[in-house]
Amino acid sequence: MRYNEKELQALSRQPAEMAAELGMRGPKKGSVVKRRLVKLVVNFLFYFRTDEAEPVGALLLEHCRVTQEEPSGFSISFLEDPERKYHFECCSEEQCQEWMAALRRASYEFMRRSLIFYRNEIQKMTGKDPLEQFGISEEARFQLSGLKA
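A quick note: this is a predicted structure, and the numbers were derived from the prediction, not measured.

Novice: Please set out unusual backbone geometry residue by residue, giving values where relevant.
Specialist: Notably, Val42 is not glycine yet its phi reads approximately 55°, a positive angle. Looking at the secondary structure, you find Val42 in the loop between strand E2 (34–41) and strand E3 (44–49). Judged by its relative accessible area of 41%, Val42 is partly exposed. Of note in this structure, His63 is not a glycine but carries a positive phi near 50°. Its place among the elements puts His63 in the loop between strand E4 (57–60) and strand E5 (64–70). On the accessibility criterion, His63 (58% relative accessible area) is exposed.

Now the structure itself:
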């Protein structure tokens, strides 16, 4: 996927849902754990050198799997290449659980499913489609038929 570098840098400066200094090891064989400032913004996980303002890289958290690797560590792999894993080390098991939960909630697909669920709940309670006022109630991306189980 292609990205506009300036837009990504601007996004990396936005307020984060979560941010912390974590140990990080990339997917290359022989890579070592390095301390990185890791910042979750919408569905991007940015990582920075601890002394720099610009990100070293970013992971788009779509079609990925977040897996606990050890009590205080987790990995992110992508469905198209599951052997290519990014490993992260947290300060505690609690911090690890918080990061894993936040990362799993960050994908567009999770947000879409949540929107559809709450849309249906509101419609059951009120009898009205809450998306109608925005003129988007008929868009395919907000329909249950497009939702995979």
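After presenting the structure, the write-up continues.
Novice: Tell me what's going on with a nonpolar patch on the surface, and back it up with residues and numbers.
Specialist: A grouping of Val42, Phe110 and Met111 is seen on the molecular surface, where their side chains present a nonpolar patch of about 250 Å² in accessible area. For Met111, a relative accessible area of 39% corresponds to the partly exposed category.

Novice: So what's going on with the UniProt feature "domain: PH" (unreviewed entry) in the protein? Which residues, and what values?
Specialist: Sequence positions flagged by UniProt for "domain: PH" (unreviewed entry) are, in local numbering, residues 15–108. As annotated, residues 15–108 has a helix share of 15% and a strand share of 51%, and its two end C-alpha atoms lie 18 Å apart.

Novice: Residues and numbers for the side chain of Lys39, please.
Specialist: If you trace the backbone, Lys39 turns up in strand E2. One buried charged residue, Lys39, remains without a salt bridge, the closest side chain of opposite sign being Glu17 at 9.8 Å. Only 2.6 Å separates the side chain of Lys39 from the backbone oxygen of Ser12, close enough to count as a polar contact. Not counting residues up to four positions away in its chain, the partners in contact with Lys39 are Ser12, Arg13, Gln14, Ala16, Met18, Ala19, Phe44, Leu45, Phe46 and Phe48.

What counts, and at which threshold
For every chain, the first residue of its written sequence is number 1, and the numbers climb from 1 along that sequence. For a predicted model such as this one, the threshold for reporting local features is a pLDDT of at least 70, and the threshold for listing and counting side-chain atom pairs is 80 or more; totals across whole chains, interfaces and linings nevertheless cover every residue. Side-chain measures were taken over the full set of non-hydrogen atoms in the model, leaving aside hydrogen atoms and water. Numbered from the N terminus, helices here are DSSP runs of H or I no shorter than four residues, and strands are runs of E no shorter than two. Residue exposure (1.4 Å probe, protein chains only): buried if accessible area is under 20% of the type maximum, exposed if over 50%, otherwise partly exposed. Patch membership needs two things, relative accessible area over 30% and no salt bridge, and members are linked within 9 Å if like-charged or within 5 Å if nonpolar (Val, Leu, Ile, Met, Phe, Trp, Tyr). All accessible areas in this document rest on Shrake-Rupley with a 1.4 Å probe, and a residue is counted as covered only by the protein chains that are shown. We define a salt bridge as a contact between a side-chain nitrogen of Lys or Arg and a carboxyl oxygen of Asp or Glu at a distance within 4 Å. UniProt positions are given in the numbering used here, feature names are shortened, and annotations may be inferred rather than shown by experiment. Only four residue types enter the tally: Lys and Arg on the positive side, Asp and Glu on the negative side; His and the chain ends are excluded. In protein, a polar contact means a hydrogen-donor-capable atom and an acceptor-capable atom, both N or O and within 3.5 Å, with residues adjacent in sequence counting only if both atoms are side-chain atoms; elsewhere, any N or O pair within 3.5 Å suffices. Only heavy atoms matter for contacts: two residues are in contact if any of them lie within 4.5 Å across the pair.

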